[in-house]
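Topology and contacts: notes
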Amino acid sequence: MSHPLKIAIAGLGTVGAGVLRLLWENGDLVARRCGRPIHVTAVSARARDRDRGVDLSKARWFGDAAAMARDADADVVVELIGGADGVAKSVCEAAIAAGRHVVTANKALLAHHGTALARAAEAAGVSLAYEAAVAGGIPIVKALREGLAGNRVSSLYGILNGTCNYILTQMRETGREFADVLAEAQALGYAEADPGFDVDGVDAAHKLSILTSVAFGCEVDFAGVHIEGIRHVSAQDIRFADELGYRIKLLAIARRTERGIEQRVHPCMVDLDSPIAHVDGVFNAIVAHGDFVGSTVYEGRGAGAGPTASAVAADIVDIARGTRIPTFAVPAASLRRLPSAPMDRHVGAYYIRLMVVDRPGVFADIAAGLRDAQVSMESILQRVRAPGGPVPVVMTTHDVEESAMRNALDRIRSFDAVLEPPTLIRIEPLAK
Ligand SMILES: NC(=O)c1ccc[n+]([C@@H]2O[C@H](COP(=O)([O-])OP(=O)(O)OC[C@H]3O[C@@H](n4cnc5c(N)ncnc54)[C@H](OP(=O)(O)O)[C@@H]3O)[C@@H](O)[C@H]2O)c1
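Residues numbered from 1 in each chain as written. Predicted model: local features only at pLDDT ≥ 70, side-chain atom pairs only at ≥ 80, totals over all residues. Heavy atoms only, no water.

1. Remarks on the nonpolar core
Among the nonpolar cores identified, the biggest contains 86 residues, and Ile140, Ile167 and Ile230 are the most heavily contacted of them. Once you skip the residues sitting within four places of it in the chain, Ile230 turns out to touch Cys164, Ile167, Leu168, Phe178, Val199, Leu250 and Pro267. Listed in part, the 32 residues of the second largest apolar core include Leu5, Leu22, Leu80 and Ile319. (Core = buried A, V, L, I, M, F, W, Y, C linked by side-chain atoms within 4.5 Å. Buried < 20%, exposed > 50% of the residue type's maximum accessible area, 1.4 Å probe, protein only. Contact = heavy atoms within 4.5 Å.)

The structure is reproduced here in structure tokens:
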């Protein structure tokens, strides 16, 4: 075997310790596949004395991760600290400046600085690899960058956040409300103490902006993602969705349109017979459409030590083998800045739930509000009667422009019989 590939690991938490365990348990297999062994020569974290469940005695300890990226005896720096800025960014920049390859699982960093880092890495002649940053163990970056390299990708969509998918699945299976299920997910360790990044759709948007760049050869445009989370989805919406033949999923969607690239993350009503409707719990899935291949589906675990370490290891193996693929599938210098399609021009069908006072004339007022905004109703459901009291009224619309839908809702929410802000969930016709 030829000389070892030397790696330095910054961050020894869930993912960092998982990578060390994988390299320990599967080290021989990985070495055979690479034609050379992988040696961990340096590590960095905050607490030196913490037991990580792995032997660190052969690696040099650095208290300063950026100094490690600069000075360690390493070919590759693996950044597993996290965060869009701060030390994680310094580590990657220092590694690239020192001519070392970078492997990272950090979607926030790439969503905000991916284009600049890709250009810096390319100028330095090193790899910037990030399979673990999107959909954990699913090799979606590899699939898009390599497997579908001959295709023009027209769209992709997916479930990119396991926490949200777990919460929505539990809400459907148990009939409980969002806050209750979130608290349980936090107790079980499926959701962070500060769940905002997950449940508000930011994490999925980070990942989507990366996939968009790979799929369409454009600069990473996180600011161009329309983002809504799942806090407003109630147990009632999930029951109504069932009744209408849908499942509610937080989808991340990227499409080429005539007006530019559409990137959006929001809860969607998806047909029960679409494959993604049945991806439950913490699982992730992605569907990508290429002009020659047609539709392709990828599913697996989107987080956790094992799946994420699996993706990090794949990147390390690529580097050990000498495989170099442009960061976002095309040379960084040729990444295009594409316009983002404005969300108010988005056209689709909508599910609307209103809480209204159950009294004569309310339906007629609502129907008039929709008609005046040129929104055409497809169906209306009122299952409960409570004369004089609050009842849910659910409507679905035909295809309409988002701006018209918003105008209609602004009008309707001002009616005194409408007791709460309306709930809007887009009905997504998924190409199969
Ligand atoms: N967890 C997952 O399932 C998952 C999945 C996909 C991607 N990711 C991404 O992987 C990255 C790591 O996530 P994680 O879950 O492993 O996080 P984590 O468990 O919180 O681990 C973070 C590690 O970074 C170390 N660290 C923090 N600040 C540091 C500093 N200033 N200098 C050196 N080390 C520092 C911590 O040290 P101490 O241990 O000493 O505190 C810890 O070892 C993030 O970008 C995350 O988004 C995670």
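2. Observations regarding the environment of Leu22
Relative to the assigned elements, Leu22 resides in helix H1 (residues 14–25). The contacts of Leu22, once residues within four sequence positions are left out, are Gly27, Val30, Ala309, Ser310 and Ala313. (Helix = DSSP H or I, 4+ residues; strand = E, 2+ residues; numbered from the N terminus.)

3. Remarks on a nonpolar patch on the surface
Residues Leu188, Tyr190 and Val282 make up a contiguous nonpolar surface patch of roughly 260 Å² in combined accessible area. Mapping Tyr190 onto the fold places it in the loop between helix H8 (178–188) and helix H9 (196–199). For Tyr190, a relative accessible area of 41% gives the class partly exposed. (Patch = residues over 30% accessible without salt bridge, like charges linked within 9 Å, V, L, I, M, F, W, Y side chains within 5 Å. Areas by Shrake-Rupley, 256 points an atom, 1.4 Å probe, with all protein chains shown as cover. Salt bridge = Lys/Arg side-chain N within 4 Å of Asp/Glu carboxyl O.)

4. A few points about the sheet that holds strand S5 (residues 101–104)
The sheet built from six strands is open, its strands ordered S3-S2-S1-S4-S5-S6 with parallel pairing. The open sheet has two edge strands, strand S3 (60–62) and strand S6 (128–129), and neither has a second partner. Relative to S6, S5 is paired through two bridges, and the arrangement is parallel. Within S6, the position partnered with Val103 by the bridge is Ala129. (Pairing = 2+ DSSP bridges.)

5. Side note on the side chain of Ser44
Along the polypeptide, Ser44 turns up in strand S2 (residues 38–44). Overall, the relative accessible area of 3% leaves Ser44 in the buried class. Here the side chain of Ser44 touches Phe62 through a polar contact of 2.8 Å, landing on its backbone oxygen. Among all residues touching Ser44, those that are not within four sequence positions of it are Ile9, Ala10, Gly11, Leu12, Trp61, Phe62, Gly63, Asp64, Ala65 and Met68. (Polar contact = N/O pair within 3.5 Å; in protein donor to acceptor, adjacent residues only side chain to side chain.)

6. Focus on the site of the ligand
With respect to spatial proximity, 23 residues lie near the ligand, and among them Leu12, Val15, Ala47, Arg52 and Gly304 are the closest. Separating an oxygen atom of the ligand from a backbone N or O atom of Thr14 is a distance of 2.9 Å. Lys107 has a polar side-chain atom sitting 3.3 Å from an oxygen atom of the ligand. Contact with the protein chains removes 77% of the 900 Å² of surface that the ligand exposes when unbound. (Near = heavy atom within 4 Å.)

7. Details of unusual backbone geometry
Positive phi, close to 60 degrees, is recorded for Ala135, a residue that is not glycine. With respect to the secondary-structure elements, Ala135 resides in the loop between S6 and helix H6 (140–147). If you check the backbone angles, Gln374 has positive phi at about 65 degrees while not being a glycine. Among the secondary structure elements, Gln374 is positioned in the loop between helix H13 (362–372) and strand S14 (377–381). You can call Gln374 exposed: its relative accessible area is 68%.

8. Points about the pairing of S2
Most of S2 is tucked away: five of the seven residues are buried. Note that strand S1 (residues 5–10) and S2 share six bridges and pair parallel. If you follow Lys6 over to S2, its bridge partner there is His39. Pairing geometry for S2 and S3, over three bridges, is parallel. By the bridge assignment, Ala42 is partnered in S3 with Arg60.

9. Quick look at the environment of Gly217
As for its placement among the helices and strands, Gly217 is situated in the loop between helix H10 (202–216) and strand S8 (225–227). As for Gly217 and Val293, which are separated by 76 residues in sequence, their C-alpha atoms are 18 Å apart. Aside from chain neighbours lying at most four places away, what touches Gly217 is Thr212, Phe328, Val330, Ser334, Leu335 and Arg336.

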